[in-house]
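Fold and geometry: a report
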Amino acid sequence: MTAEASVELSELERDALTELANLGVSNAALSLREMVREEVLLSVPKVSLVTREEAVTALGEKDAPRLVGVRQDFEGEINGRALLIFPEAKSLELVRAVVGGELSLEDIIELEQEALAETGNVLLNACLATIANNLGRSVRISLPEVIYGEGADFFPPPHASHHSDRVLFTYINFAVRQRNLQGYIAMLLDMPSLVILKQLLGSFIERVASGGATPSSDVV
Amino acid sequence: MTRKVLIVDDSKLARMSIVKVLKALRPDWLTVEVGDPDQALASVGHEAPDFVLLDFNMPGKDGLTLAAQLRESNPGIGVAVISANHQAEVIDRARATGAVFIRKPLTEQSLAAFFDGAAGRGKFAQ
């Protein structure tokens, strides 16, 4: 551990966040399934509070060094960034899966940027909207931007005014097996947003689970 | 009639929210919670639940594999797989094991439909 986090999430809050990520990415996967007409496999979601460096390292370890991502920033009570990321080598395969197999390579290359941006837009909006709705808040979502680069290019340095460089990093792998296509959705929040998120998670937990525990319940 | 329901989910929050919906619907039913699939298999043996509600997306063993094992060893138990991942393939696989698929977030209506469906099939004919 390089720095003490100013905000810690309790086990229940972490569960709640994992659950929200799961709901969000499940809806995103359903959208992707409709686009590629094949089942999309999802991993068990992971949520962690890490430093920016750790997030960059995690990206580097998962895939090839060159990555392509679609990035959308969101603003509201909570500010952050959502990313759809996969190896750059798979970029054309994703486009081909989405636009269909009849197009020539030239057409696919020409459509690449647009198709990536649109795919990212559908998936990330499905994910963010589900999470925002469940938290009872709305967020403004920026237009998608396609970025190519290595891990560090996806996580620019934090605002100078915030001494903490810890970020919330949540990711779920997704895969389209027949096409050997995989990538993941990551979400990043800065510390001030994390403080607000903690409060919203408290309300969410109250709503979905309060009164659920009774003396007759028996946890093995 | 009081029934016993085994709830299998690695998320404590998810278990709590399932219990909340269940208690609103069937206040007198008993609940047993476990946090992983292996505990679920052990628990079915000594708790003898009437129903099992299980999460699809769990570390180690997914809910569909567990549902298939439970249905095979205890065909009399009503099993429902609860998941936000409602792609057609997942729903089909759940049904192929003899389990019922219930979409997350869980509602009283969908849970009631599962219990009533089990009763309707004569599982609990009085």
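Here, the structure is the one placed above.
Note that the coordinates shown come from a computational prediction; the quantities given were computed from them, not determined experimentally.

1. Here we look at the overall build of chain A
Assigned secondary structure in chain A consists of six helices and nine strands. A buried classification covers 50% of the 220 residues belonging to chain A. When contacts within chain A are restricted to residue pairs at least 6 apart in sequence, those whose partners lie at least 24 apart make up 75%. Surface summary for chain A: the accessible area is close to 10200 Å², and the carbon and sulfur share equals 53%.

2. With respect to the pairing of strand β4 (residues 80–87) of chain A
Residue and element names in this part refer to chain A. Where burial is concerned, most of β4 is hidden: eight out of the eight residues are buried. Here strand β3 (residues 67–76) runs beside β4; their pairing, made up of eight bridges, is antiparallel. The residue of β4 that forms the bridge with F74 is G80. From the end of β3 to the start of β4, which pair antiparallel, there are three residues. Two elements, β4 and strand β8 (residues 181–189), share six bridges in a ladder whose sense is antiparallel. Bridge pairing in β8 links L83 to A186.

3. Quick notes on the packing of helix α3 (residues 91–99) of chain A against helix α4 (residues 105–135) of chain A
All names here are of chain A. Where α3 meets α4, the axes come as close as 8 Å, and the angle between the chain directions of the two elements is 85°. The angle between α3 and α4 falls in the class roughly perpendicular. Between α3, through S91, L92, L94, V95, R96, V98 and V99, and α4, the contact on the second element is made entirely by L105, I108, I109, L111, E112, A115, L116 and T119. In terms of residue class, the contact of α3 with α4 is made up of 11 nonpolar, two polar and two charged.

4. Focus on the nonpolar core
Counting residues in each nonpolar core, the largest one holds 56 residues, and the members touching the most others are L84(A), L116(A), L135(A), L168(A), L194(A), L197(A) and L201(A). Looking at which element gives the most residues to this core, the answer is α4(A), with 11 residues. If near-sequence neighbours (up to four positions away) are discounted, L197(A) is found in contact with L17(A), I78(A), L135(A), L168(A) and L189(A). Counting residues in hydrophobic clusters, the runner-up holds 22 residues, among them L6(B), L66(B), V79(B) and I91(B).

5. Quick notes on the layout of surface pockets
The volume enclosed by the second largest pocket comes to roughly 320 Å³. Residue lining of the second largest pocket: 18 residues in total, with V208(A), S17(B), V21(B), P105(B) and L106(B) positioned closest to the centre. Only α1 (11–36) and α6 (191–209) of chain A together with α1 (12–25) of chain B provide two or more residues apiece to the lining of the second largest pocket. Sorting elements by how many residues they give to the lining of the second largest pocket places α1(B) first, with seven residues.

6. Structural notes on helix α4 (residues 88–96) of chain B
All names here are of chain B. Of all the residues in α4, the buried ones are V90, I91 and A94. For α4, the buried positions fall inside an angular range of 100° around the axis, keeping them on one side. Where the residues of α4 are buried, they touch α3 (63–73), β4 (78–83) and β5 (100–103).

7. Digging into empty space enclosed by the protein
Residue and element names in this part refer to chain A. Within this structure, the stated rule accounts for three cavities of 30 Å³ or more. The space that makes up the largest cavity amounts to roughly 260 Å³. Taken together, 20 residues form the lining of the largest cavity, with F74, I78, I131, L135 and L197 sitting closest to its centre. Among the elements that line the lining of the largest cavity, the one with the most residues is α4, at four residues. Along the lines of polarity and charge, the residues of the lining of the largest cavity split into 15 nonpolar, three polar and two charged.

The rules we used
- Residues numbered from 1 in each chain as written.
- Chains lettered and ligands numbered in written order.
- Predicted model: local features only at pLDDT ≥ 70, side-chain atom pairs only at ≥ 80, totals over all residues.
- Heavy atoms only, no water.
- Helix = DSSP H or I, 4+ residues; strand = E, 2+ residues; numbered from the N terminus.
- Buried < 20%, exposed > 50% of the residue type's maximum accessible area, 1.4 Å probe, protein only.
- Contact = heavy atoms within 4.5 Å.
- Areas by Shrake-Rupley, 256 points an atom, 1.4 Å probe, with all protein chains shown as cover.
- Pairing = 2+ DSSP bridges.
- Axes fitted to C-alpha atoms, helices over the stretch in contact; angles between N-to-C directions.
- Parallel < 35°, antiparallel > 145°, perpendicular 65-115°, else oblique.
- Nonpolar A, V, L, I, M, F, W, Y, C, P; charged D, E, K, R; others polar.
- Core = buried A, V, L, I, M, F, W, Y, C linked by side-chain atoms within 4.5 Å.
- 1 Å grid on protein atoms, 1.4 Å probe; cavity = no way out; pocket = protein on both sides within 12 Å on 5 of 7 lines; lining within 4 Å.
- Points joined across faces, edges and corners; volume = space filled by probe spheres on them.
- Arc of directions from axis to C-beta.

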